[in-house]
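If you want the building blocks of each chain, they are given just below.
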Amino acid sequence: KIRADACESATQPQYKMPLPMIGATDEELFPALNLVFVGYACLIFLPQWRHTPALTLTVVTLYSAIYALLLVHRLALSPTPLPPISFDSLDHIAVLFADRAVLFAGWDHYIAFDLFVARHVLLDSQARGIPHLVVVGIVPLVLLAGPAGFVLYMVVVVPLHAALCGGVVSGEKAAKAA
């Protein structure tokens, strides 16, 4: 059984995790994670802009670097001991994510990978010649519920487009997708 005090002590507001080499706390850095919306705006409103793929990949890379720093800090440098790490039950996962530093790193991981998946959906749709109006509704779904948006794209949009258009992908676009 998970002790209630384990959850309570991990969520106490007195511990604000400093980010190594930056000197900011998780609370101070959290608003910077809203930069993800710039990436999504490019995917939705500027899909043909030549800088959209690089810009969104830069945001993903930045968040991935922050995640790596958070991971190193929490596992190796933090003075606060981690709660017991076990992935064998949902209760154990809940205790782990009750730790503020783990929660912050988990959120960073979540938004980085969802933007990466949304970027893939956009670039893949362009390579397949799928109209942007078909994909524009999927990009926000990937933001809000990553796997659901991705599966909708892969299981509904891609096969439907292939069936309606004969699965033709132009040579230049296919080379870019590969």
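Our structure's up above, just so we're on the same page.
Residues numbered from 1 in each chain as written. Predicted model: local features only at pLDDT ≥ 70, side-chain atom pairs only at ≥ 80, totals over all residues. Heavy atoms only, no water.

Visitor: Looking at this model, I keep getting lost on the nonpolar core. Mind explaining?
Guide: Grouped burial of nonpolar side chains is what soluble globular proteins tend to show. Tyr40, Leu43, Tyr63, Leu115, Val139 and Tyr153 are the most contacted members of the largest nonpolar core, which has 28 residues in total. Taken together, the elements giving at least two residues each to this core come down to helix H3 (36-45), helix H4 (52-77), helix H6 (100-128) and helix H8 (138-165). When residues in this core are grouped by element, the largest group, eight residues, is from H6. (Core = buried A, V, L, I, M, F, W, Y, C linked by side-chain atoms within 4.5 Å. Buried < 20%, exposed > 50% of the residue type's maximum accessible area, 1.4 Å probe, protein only. Helix = DSSP H or I, 4+ residues; strand = E, 2+ residues; numbered from the N terminus.)

Visitor: Just to check I follow, could you spell out the packing of aromatic side chains for this structure?
Guide: For any two aromatic rings, the description comes down to two numbers: the centre-to-centre distance and the angle of the planes. For the structure on display, the rule yields two aromatic pairs. Arranged with centres 6.2 Å apart and planes meeting at 55 degrees, the rings of phenylalanine 30 and phenylalanine 104 form a pair that is tilted. Residue phenylalanine 30 is located in the loop between helix H2 (26-29) and H3, and its partner phenylalanine 104 is located in helix H6; the two are separated by 74 residues in the primary sequence. Residue classification places phenylalanine 30 among the partly exposed positions, given a relative accessible area of 38%. On the basis of an interplanar angle of 20 degrees and a centroid distance of 5.2 Å, the ring pair of tryptophan 107 and tyrosine 110 is categorised as stacked. Taken together, the residues tryptophan 107 and tyrosine 110, both in helix H6 and three residues apart, mark about one turn of the helix. (Phe/Tyr/Trp six-rings, centres within 6.5 Å; stacked < 30°, edge-to-face > 60°.)

Visitor: Quick question: what am I supposed to make of the environment of aspartate 99 here?
Guide: Structurally, aspartate 99 can be placed in the loop between helix H5 (90-97) and H6. The exposure class assigned to aspartate 99 is buried, which follows from its relative accessible area of 5%. Considering only alpha carbons, one finds aspartate 99 and proline 81, 18 residues apart in sequence, at a separation of 9.8 Å. A polar contact of 3.0 Å, which involves the side chain of aspartate 99, links it to the backbone nitrogen of valine 102. (Polar contact = N/O pair within 3.5 Å; in protein donor to acceptor, adjacent residues only side chain to side chain.)

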